[in-house]
Amino acid sequence: MFSLIPIKLIFLTITIYIWRELFKRGSALNQPRISRYMLGFAILSILLSVISIGKIYPYGAVVDLLIFAIATTLCMTLTTRTLVGKLLQFLFIAIPVLGPLAYLLHYQVVGGAMNKDSFIAVFQTTSSEAKEYLASFTSVVSLAVLILTVGLLFWILKQNNKNIVKPLPIKIASTYILIAVAMVCLAPLERGLFTYPIDVYISYQKEMATTKERMALFSQRKVEKNYQASKSESGEVYVVIVGESLNKHHMSIYGYELNTTPELQKLKDEGDLYVVENSFSNYPGTMSALSHALTGANQKNNKSYTDAVGIVELLNNANFETHWLGNQPLSNSYDMILGLIAKEAHDVQLTFDIKFHSMSHKDHEPDGVLLPIYERALNELNRNKNQIIFVHLMGNHTDYCERYTPDFHHYEIDELDALYSYIFKGGVGHSKECYDNSILYNDFIVSSLIKGLKDTLGEQGVGGLLYFADHSEDIKRGVGHSSANFSFDMVESPTLIWLSDSYKANNIDKTTALKDNINSFYPNDFIFDTVIGMTSTEVSGDTYCSSCDLFSNQYTLPLEEARTMHGKLAYKPVQNFTSKTASTIDKETIKKATILFPN
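It should be emphasised that the depicted structure is a prediction, and the values quoted were computed from it without experimental measurement. Each chain has its residues counted from 1, running along the sequence as written. Reporting of local features is limited, given that this is a predicted model, to residues whose pLDDT is at least 70; pairs of side-chain atoms are given and counted only at 80 or more, and all residues count toward the totals for whole chains, interfaces and linings. Hydrogens and water are ignored here; the side-chain numbers use all heavy atoms of the structure.

### Some words on the overall build of the protein
Only DSSP runs of H or I reaching four residues or more are called helices, and only runs of E reaching two or more are called strands; each is numbered from the N terminus. Within the protein, the secondary structure is distributed over 20 helices and 13 strands. Burial classes: relative accessible area under 20% of the type maximum marks a residue as buried, over 50% as exposed, and values in between as partly exposed (1.4 Å probe, protein chains only). Put simply, the protein has 599 residues, and 57% of those count as buried. We call two residues contacting when some pair of their heavy atoms lies within 4.5 Å. Excluding contacts between residues fewer than 6 apart, the proportion of contacts in the protein whose partners are at least 24 apart in sequence is 79%.

Structure follows, in structure tokens:
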């Protein structure tokens, strides 16, 4: 008979019993308010977890209630006659309240509820990054919310202790705490405000373990190869630029009202630059996007990036000499998947690198630091062999004001807008004006990289350059690219292609196909196949997808089949630069689509 009783009902009944006893004991001990207020916080926590997760999980809700019950019991047990007692009382009620407070502040900063990506970002953040993030996003409003919360907690304690109170007997308190702790430990791990981050952390650790195992296989060159790659021509030079956080609707080459890409516009006017009008990102986060862009995983084959071939490895097998020049690190846990791909290159040169911890983004120099490294690499190329250089930019990453040199500070923020930014956004580092300045600087960097390749190739050299950005930014709402507050602006990223005259003359069919496909819908998880096509690399097996290659006359992706969020969300192009938020699409789909790499 006992086995027929739902276990969830037992957990819920015991939890209700504990809270009923706390209410009854509180009244008898002349401290009734603390249990009422703490139960209110517990209910708020459950509501916030439902908003964040999309549904209520019974065990998750029970654990939330029990954690606040434990804190309430400890608070009622302590005497407040000493300063130490008062401080401990405050800590006991403040620590669990940090949970709902973090959720509320996240909503205030990001504009959306916390999700899996939010927690992964916390797990991967170091102390220096945390300090930078807090300095960048802490606004007057955020501080006001924090101060009001602290004041509210002091007021609750004052109200509870304004009369002479009796402490909860230790024997009774110990019973409540032991029962509550036992239930928390025995409860299955369901998603609640406090258990959701634990669930995400376990998934994150499993993903990291898988990635580390694959890194070991890569380093030992034991990865199974079920394809053959080759190239008949020699002496060709290609460049792939990996941009960062660039919204194409802030580029004048895509129709933006401000002249933010004058140098690239000149190249387009001369007929040397191809602008992929309907390009977009496969995910609004760096590692999530690049794990598909730079491997054979894409929305058509539904492969996992952990089982897919990396583009550098494939080109190595085609006897290319491969180079990776980066202004972003490769060795921290967050960048691990990128390290798997990039460190396959024969030549890796970074402006800095680190070992499993990250550097503050403010410590990155603007991308101009890469130009002399790039020039030296071009000058030292063995022109008897095929060459490809990957250039990884810091691009337009926040803080936008840190992404360019002073001579590119062209657009000024209005004083009232600056004041608003400091009050509500934590500073001008997220302003449209700084972002546009960073794009003006990015225009200089990318056009300089094109010019360097053009000079190296000369009139007879065969080669090309492809630029794409990992993801975009929602500048209009000022919320960056968090999937917790997804909008299609976050995936509106550009793709640009430059080809030498000799390349176009020697590859008429490919150039014609590119021109025919230039207005097609193009996600950046097709970069892998497009690089294969651009470089005329022959690949056996099913590793290469010709219908994903802009240089192929078989390319096809109608709008009704175009997907983002790793194939889980239908893509809707942003028209007239108006933000389509997750509230107008399917929030449940967004939640299901989030994976383990957020930025």
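### Digging into the environment of Val309
As for its position among the elements, Val309 is in the loop between helix H11 (286-293) and helix H12 (311-317). Sequence separation of Val309 and Asn226 is 83 residues, and the distance between their C-alpha atoms is 9.5 Å.

### What to know about the pairing of strand E5 (residues 321-326)
Of all 6 residues in E5, 5 are buried; the element is thus mostly enclosed. Any two strands between which DSSP finds at least two bridges are classified as paired. Note that E5 and strand E7 (residues 387-392) share 6 bridges and pair parallel. Bridge pairing in E7 links His323 to Ile389. Pairing of E5 with strand E6 (residues 347-350), which is carried by 4 bridges, proceeds in the parallel orientation. Paired with Leu325 across the strands is Gln349, a residue of E6.

### Digging into the pattern of salt bridges
The working definition used for a salt bridge is a side-chain nitrogen of Lys or Arg within 4 Å of a carboxyl oxygen of Asp or Glu. Taken as a whole, this structure holds 14 salt bridges when the rule is applied. Note that Lys8 and Glu190 form a salt bridge whose closest N and O atoms lie 3.9 Å from each other. Taken as a pair, Lys8 in helix H1 (residues 7-28) and Glu190 in the loop between helix H8 (170-186) and helix H9 (196-219) lie far apart in primary sequence, 182 residues in all. Residue classification places Lys8 among the partly exposed residues on the basis of a relative accessible area of 38%. The exposure class of Glu190 is buried, given its relative accessible area of 16%. The partner of Glu236 in a salt bridge is Lys231, with the nearest N and O atoms 2.9 Å apart.

### What to know about the state of the cysteines
Only a pair of cysteine sulfur atoms within 2.5 Å qualifies as a disulfide here. In the structure shown here, the tally under the stated rule is 2 disulfides. A sulfur-sulfur separation of 2.3 Å characterises the disulfide bridge that pairs Cys545 with Cys548. Measuring handedness by torsion sign, the sulfur bridge of Cys545 and Cys548 sits at about 65 degrees and is right-handed. Note on Cys548: relative accessible area 0%, which makes it buried. Listing the disulfide partners of the protein by sequence rank of the bonded cysteines yields 1-2, 3-4.

### Remarks on the packing of aromatic side chains
Any pair of Phe, Tyr and Trp rings, taking the six-membered ring for Trp, is counted once the centres come within 6.5 Å. Such a pair is stacked with planes under 30 degrees apart, edge-to-face with planes over 60 apart, and tilted for the rest. Counted by the stated rule, this structure contains 19 aromatic pairs. Aromatic pair Trp324 and Phe390: ring centres 5.6 Å apart, planes at 20 degrees, arrangement stacked. Of this pair, Trp324 sits in strand E5 while Phe390 sits in strand E7; the two residues are 66 residues apart in sequence, bridging distant segments of the chain. The two residues Trp324 and Phe390 agree in class, both being buried. Aromatic pair Tyr522 and Tyr555: ring centres 6.1 Å apart, planes at 45 degrees, arrangement tilted. Taken together, the residues Tyr522 in strand E10 (residues 521-523) and Tyr555 in the loop between strand E11 (538-539) and strand E12 (563-564) connect sequence positions 33 residues apart.

### What to know about unusual backbone geometry
Each neighbour pair has its own omega, and for Thr398 with Asp399 the value is -5 degrees, a cis peptide bond. Mapped onto the secondary structure, Asp399 falls in the loop between E7 and helix H15 (415-425). The phi dihedral of Ser245 falls on the positive side, at around 60 degrees, and the residue is not glycine. Counting through the fold element by element, Ser245 comes out in the loop between strand E2 (237-243) and helix H10 (262-269). In this model, His566 sits at a positive phi of 55 degrees, which is unusual for a non-glycine residue. Here His566 is to be found in the loop between E12 and strand E13 (569-570). The exposure class of His566 is buried, given its relative accessible area of 12%.

### Overview of the packing of H1 against helix H3 (residues 58-77)
In this analysis, axes come from line fits to C-alpha atoms, helices being fitted only over the stretch in contact, and the angle between any two N-to-C directions falls in the range 0 to 180 degrees. Following both chains from N to C, one finds H1 and H3 inclined at 25 degrees, their axes separated by 10 Å at the closest point. Taken together, the axes of H1 and H3 lie roughly parallel to each other. For the crossing formed where H1 meets H3, the hand is left-handed. Counting all contacts with H1, which are made through Ile7, Lys8, Phe11, Leu12, Thr15, Ile18, Trp19, Leu22, Arg25 and Gly26, the residues of H3 involved are Pro58, Tyr59, Val62, Leu65, Leu66, Phe68, Ala69, Thr72, Thr73 and Met76. Residue polarity follows a fixed list, in which Ala, Val, Leu, Ile, Met, Phe, Trp, Tyr, Cys and Pro are nonpolar, Asp, Glu, Lys and Arg are charged, and the others, Gly among them, are polar. Of the residues contributing to the contact of H1 with H3, the split by class is 14 nonpolar, 4 polar and 2 charged. Each angle gets one of four labels, with under 35 degrees taken as roughly parallel, over 145 as roughly antiparallel, 65 to 115 as roughly perpendicular, and the rest as oblique. The handedness criterion is simple: a crossing whose near helix is rotated anticlockwise from the far helix by less than a right angle is left-handed, and one whose near helix is rotated clockwise is right-handed.

### Notes on helix H16 (residues 432-457)
Three or four residues apart is the spacing at which side chains of an α-helix point the same way, because the helix has 3.6 residues per turn. Helix span, expected: 1.5 Å multiplied by one less than the number of residues in the helix. Along its 26 residues, H16 runs 37 Å from first to last C-alpha, staying within 8% of the 38 Å computed at 1.5 Å per residue. Most of H16 is tucked away: 19 of the 26 residues are buried. At the exit of H16 stands Gly458, carrying a positive phi of roughly 65 degrees.

### Considering the side chain of His471
With respect to the helices and strands, His471 occurs in the loop between strand E8 (463-469) and strand E9 (495-499). A polar contact of 3.4 Å, which involves the side chain of His471, links it to the side chain of Glu244. Here Thr286 takes part through its side chain, which lies 3.2 Å from a polar atom of the side chain of His471. Here a polar contact is recorded for every N or O atom pair within 3.5 Å, except that within protein the pair must consist of a potential hydrogen donor and a potential acceptor, and residues adjacent in sequence are included only if both atoms are side-chain atoms.

### Let's talk about the side chain of Thr261
Looking at where Thr261 falls in the secondary structure, it is placed in the loop between E2 and H10. In terms of polar contacts, Thr261 uses its side chain to reach the side chain of Ser252, at 2.7 Å. Not counting the four nearest positions on each side in its chain, Thr261 is found in contact with Met251, Ser252, Ile253, Ile439 and Asp443.

### A short note on the sheet that holds E9
The mixed open sheet is built from 7 strands, whose spatial order is E3-E9-E8-E2-E7-E5-E6. Strands at the two margins of the open sheet, each flanked by one partner only, are strand E3 (273-275) and E6. Between one strand and the next, the sheet's axes are offset by a mean angle of 15 degrees, whatever the strand orientation.

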